[in-house]
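# Examining the three-dimensional arrangement
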Amino acid sequence: MFDILFPALGETIYMSFVSTFFALVIGFFLAIVLTLTSKGGLKENLKVYSILDVVINTLRSFPFIILMIVLFPLTKFLIGKSIGTSAAIIPLTIGAAPFVARLIESALKEVEIGVIEAAKSFGASDFQIIFKVMLVEALPAIISAITLTLITVIGFSAMAGTVGGGGLGDVAIKYGYYRFQTDTMIYTVLILIALVQVCQSLGDYLYKITKK
């Protein structure tokens, strides 16, 4: 049993962390553009903001299982196959990136306007305001957003196992459901709970450090 569970745990960690990393890269870029082009932003452009807003909301409205199936052609084009651990990274990334963008956008918007105005009065450029003022001030909230994203992606990765994505979800379906091995299902759930708890504890620790 453990010869099956441990490799599956490694696949889940691999899918979750790699997908979260790429989702953060994409989501961070989108959040910056949304923040800059929003009403009252440093580079206000409501047309650009509206287009991104619709695209992000559309992607967020897709249930992950449906999104994964819809993206099978794209996944096969990029990876060479539509199922498997590496293939699951594509839909996991695309599914999580809009979520990240909204969370980071909200974190940046929470920065007090007085801090931004003070930076402007000292002659700070838009680049400096974003990266040296807003991101620094919003860092604790961004860390919370990253933690929440990672935990969400772990849940998504388990769902990916139902359509051949590998990982603990795949083990739960193949052995716990189809072969009626209840003990395997229980172990799978316990491992996922422990993994989420470790991620949440680490995120809470980093939040407390940056909040000081």
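Refer to the structure above for everything that follows.
Residues numbered from 1 in each chain as written. Predicted model: local features only at pLDDT ≥ 70, side-chain atom pairs only at ≥ 80, totals over all residues. Heavy atoms only, no water.

Next up on the list: the overall build of the chain. Counting secondary structure elements, the chain contains 10 helices and 0 strands. In sequence order, the chain lays out its α and β elements as α-α-α-α-α-α-α-α-α-α. Dimensions of the chain, computed from the C-alpha atoms along their principal axes, are close to 65 × 40 × 25 Å. Contacts spanning at least 24 positions in sequence make up 72% of the contacts within the chain whose residues lie at least 6 apart. A total accessible area of about 11,500 Å² is found for the chain, and carbon and sulfur atoms account for 69% of it. Charged side chains in the chain number 15 positive and 13 negative. The centres of these two groups are separated by 5 Å. (Helix = DSSP H or I, 4+ residues; strand = E, 2+ residues; numbered from the N terminus. Contact = heavy atoms within 4.5 Å. Areas by Shrake-Rupley, 256 points an atom, 1.4 Å probe, with all protein chains shown as cover. Lys, Arg positive; Asp, Glu negative; His and termini not counted. Charge placed at Lys NZ, Arg CZ, Asp CG, Glu CD.)

This brings us to the pattern of salt bridges. Tallied over the entire structure, the rule returns 4 salt bridges. Across the pair Arg102 and Glu105 runs a salt bridge whose closest N-O atoms are separated by 2.9 Å. You can see Arg102 and its partner Glu105 sitting in helix α5 (residues 85-109), 3 residues apart, about one turn around the helix. For the pair shown, Arg102 and Glu105 are each scored as buried. As a salt-bridge pair, Lys109 and Glu105 come within 2.9 Å of each other at their nearest N and O atoms. (Salt bridge = Lys/Arg side-chain N within 4 Å of Asp/Glu carboxyl O. Buried < 20%, exposed > 50% of the residue type's maximum accessible area, 1.4 Å probe, protein only.)

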